[in-house]
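The lines below spell out each chain.
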Amino acid sequence: MSNIKISGFYDEVSSDLKTQLETVKAYGESYMCPRKINGKNIADYTLEEFQKDVKPMLDEYGVKFSSIGSPIGKIGLKDDAKYKEQCNKLKELVKICQLMDCKYIRMFSFRGLSGNYEKDFPIVVEKIRGYLDIVKGSDVILLHENEKRIWADTPERVLRLYQEINDPQFRLCFDASNYVQCGVDVPSAYQKLKDVTVYYHVKDCAKEKVEVPVGMGIGDYENMVKDLVERGYDGFMTLEPHTGKYADNKALFHRIGWLFFGIGFEHINRWRKIFHDIDKAKGVGHTQEITRRQMMDWQYYGLKEMIAKAEKEA
């Protein structure tokens, strides 16, 4: 039997920490993945600021961190000034991680690439090893997330990077939606990486490359959860539905989207179609307001249902 724990990027509901914590507790959960807290990115906090402004409320609500959703590595590969700045921020994040008894800090494998993956690879490896030098001597693990427009955006490059780094403090996070965004077949990616992946994000995506509630897209989460349960996965699945795209824009797109239909605004028409599909699936009106919290509810209870079904069938 698995021990899947649900966490989330609850800043997708609100940047306000109190609202985030109330959402966690409303679900009966105990973990969150901090990214933006009270309008400020988690990587911009020093340990002292965190202890003063954030930790007391976390303690009050009894909420812990599953991982820290940092932007480490989401910078230009050749931007040495930003890299140095991020190294300093990572030092503070390690202290925050240790204070929170948290195991993971999320990271990426750089943007601003030359277009030549082979040429960029040694630089990517060198700079990630520079990050690893900072976490050495701690129990903190850097958790690489696949994302579009970074070096390791496909399962083949993710696996190559993982094998080249070859360090117990460098592990993998699997994000199905990000693979869809890169034109990757998710079931195939999962099979290639499941034996070396330790953490999962829950963000589903339609074939049109627009995020949708879990189970509505081609992220193959139902089969993924079934396999994780059968394999006894003991780790986190972290909700990251990108709630704002639908909640903030769907009414507007339905009101004015028809103006662009058939005249070359492919991006707008694609979003309008997906928003219409979500409305239909969830039984809501085209101009009915849906909040970010409602979107997170769909994600949370959708995942809970998948886990319960998989455990019953296991």
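Scroll up a little and you will see the structure.
Residues numbered from 1 in each chain as written. Predicted model: local features only at pLDDT ≥ 70, side-chain atom pairs only at ≥ 80, totals over all residues. Heavy atoms only, no water.

As for the nonpolar core
One broad rule of soluble globular proteins: the nonpolar side chains tend to lie buried together.
1) Next: Within the largest apolar cluster, 81 residues are counted, with the highest numbers of intra-cluster contacts made by Tyr-131, Leu-161, Phe-174 and Met-237.
2) Next: If sequence neighbours within four positions are ignored, Phe-174 has contacts with Asn-146, Tyr-179, Val-186, Ala-189, Tyr-190, Leu-193, Thr-197, Tyr-199, Tyr-200, His-201 and Met-224.
3) Next: In terms of nonpolar packing, the next biggest core, distinct from the first, is built from 13 residues, Phe-275, Ile-278, Met-295 and Trp-298 among them. (Core = buried A, V, L, I, M, F, W, Y, C linked by side-chain atoms within 4.5 Å. Buried < 20%, exposed > 50% of the residue type's maximum accessible area, 1.4 Å probe, protein only. Contact = heavy atoms within 4.5 Å.)

Describing helix 8 (residues 186-193)
1) Next: Of the residues making up helix 8, those classed as buried are Val-186, Ala-189, Tyr-190 and Leu-193. Here the buried residues of helix 8 occupy an arc of 100° about the axis, which is enough to place them on one side.
2) Next: For helix 8, the secondary structure elements touched by its buried residues are helix 6 (155-165), strand 9 (170-175), helix 7 (176-181), strand 10 (197-202) and helix 9 (221-230).
3) Next: Between a side-chain oxygen at the N-terminus of helix 8 and the backbone nitrogen of Ser-188 the separation is 3.0 Å; the capping residue is Asp-185. (Helix = DSSP H or I, 4+ residues; strand = E, 2+ residues; numbered from the N terminus. Arc of directions from axis to C-beta. Polar contact = N/O pair within 3.5 Å; in protein donor to acceptor, adjacent residues only side chain to side chain.)

Comments concerning the packing of aromatic side chains
1) Next: By the definition in use, this model includes 21 aromatic pairs.
2) Next: Plain terms: the ring middles of Tyr-31 and Phe-236 are 4.8 Å apart, the flat faces sit at 70° to each other, and that makes the pair edge-to-face. Here Tyr-31, found in strand 2 (residues 31-32), pairs with Phe-236, found in strand 13 (residues 236-239); they are 205 residues apart in sequence, far enough to count as distant. The burial state of Tyr-31 is the same as that of Phe-236; both residues are buried.
3) Next: Look at Tyr-300 and Tyr-301: their rings are 5.0 Å apart centre to centre, the planes differ by 85°, and that puts the pair in the edge-to-face class.
4) Next: By relative accessible area, which is 46% here, Tyr-301 ends up partly exposed.
5) Next: Here a set of aromatic residues connected by ring pairs shows up, and it is made of Phe-174, Tyr-179, Tyr-190, Tyr-200 and Tyr-233.
6) Next: Above the plane of the ring of Phe-108 lies Lys-74, whose end atom (NZ or CZ) is 4.4 Å from the centre. (Phe/Tyr/Trp six-rings, centres within 6.5 Å; stacked < 30°, edge-to-face > 60°. Lys NZ or Arg CZ within 6 Å of the ring centre and 35° of its normal.)

A look at the sheet that holds strand 13
1) Next: Ordered by their spatial adjacency, seven strands build an open sheet running 1-13-10-9-8-7-6, and the pairing between neighbours is parallel. Edge positions in the open sheet fall to strand 1 (5-8) and strand 6 (68-72), since each of these has one partner strand only. Mean inter-strand twist for the sheet, computed between neighbouring axes without regard to direction, equals 30°.
2) Next: The pairing of strand 7 (residues 104-107) with strand 8 (residues 141-145) spans four bridges and is parallel. Counterpart to Arg-106 in the pairing with strand 8 is Leu-143.
3) Next: In this fold helix 4 (residues 80-99) packs onto strand 6, strand 7 and strand 8, with an angle of close to 170° to the strand it touches most, strand 6. (Pairing = 2+ DSSP bridges. Axes fitted to C-alpha atoms, helices over the stretch in contact; angles between N-to-C directions.)

So, the layout of surface pockets
1) Next: Of the voids in this model, the largest pocket is the one considered here, and its volume is about 310 Å³.
2) Next: Tyr-104, Val-198, Asp-234, Gly-235 and Phe-236 are the residues nearest the centre of the largest pocket, which is lined by 20 residues in total.
3) Next: With three residues, strand 10 is the single largest residue contributor to the lining of the largest pocket.
4) Next: Of the residues in the lining of the largest pocket, the class split is ten nonpolar, three polar and seven charged.
5) Next: By volume, the second largest pocket is sized at about 250 Å³.
6) Next: Lys-74, Glu-147, Lys-203, Glu-240 and His-242 are, among the 20 residues lining the second largest pocket, the residues nearest its centre.
7) Next: Mapped by element, the contributors of at least two residues to the lining of the second largest pocket are strand 6 and helix 7. (1 Å grid on protein atoms, 1.4 Å probe; cavity = no way out; pocket = protein on both sides within 12 Å on 5 of 7 lines; lining within 4 Å. Points joined across faces, edges and corners; volume = space filled by probe spheres on them. Nonpolar A, V, L, I, M, F, W, Y, C, P; charged D, E, K, R; others polar.)

What about the side chain of Lys-250?
1) Next: Tracing the backbone through its elements, the reader meets Lys-250 in helix 10 (residues 243-256).
2) Next: At 3.2 Å, the side chain of Lys-250 forms a polar contact with the backbone oxygen of His-286.
3) Next: Not counting chain neighbours up to four residues away, the residues in contact with Lys-250 comprise Lys-245, Phe-275, Asp-279, Val-284, Gly-285, His-286, Thr-287, Gln-288 and Ile-290.

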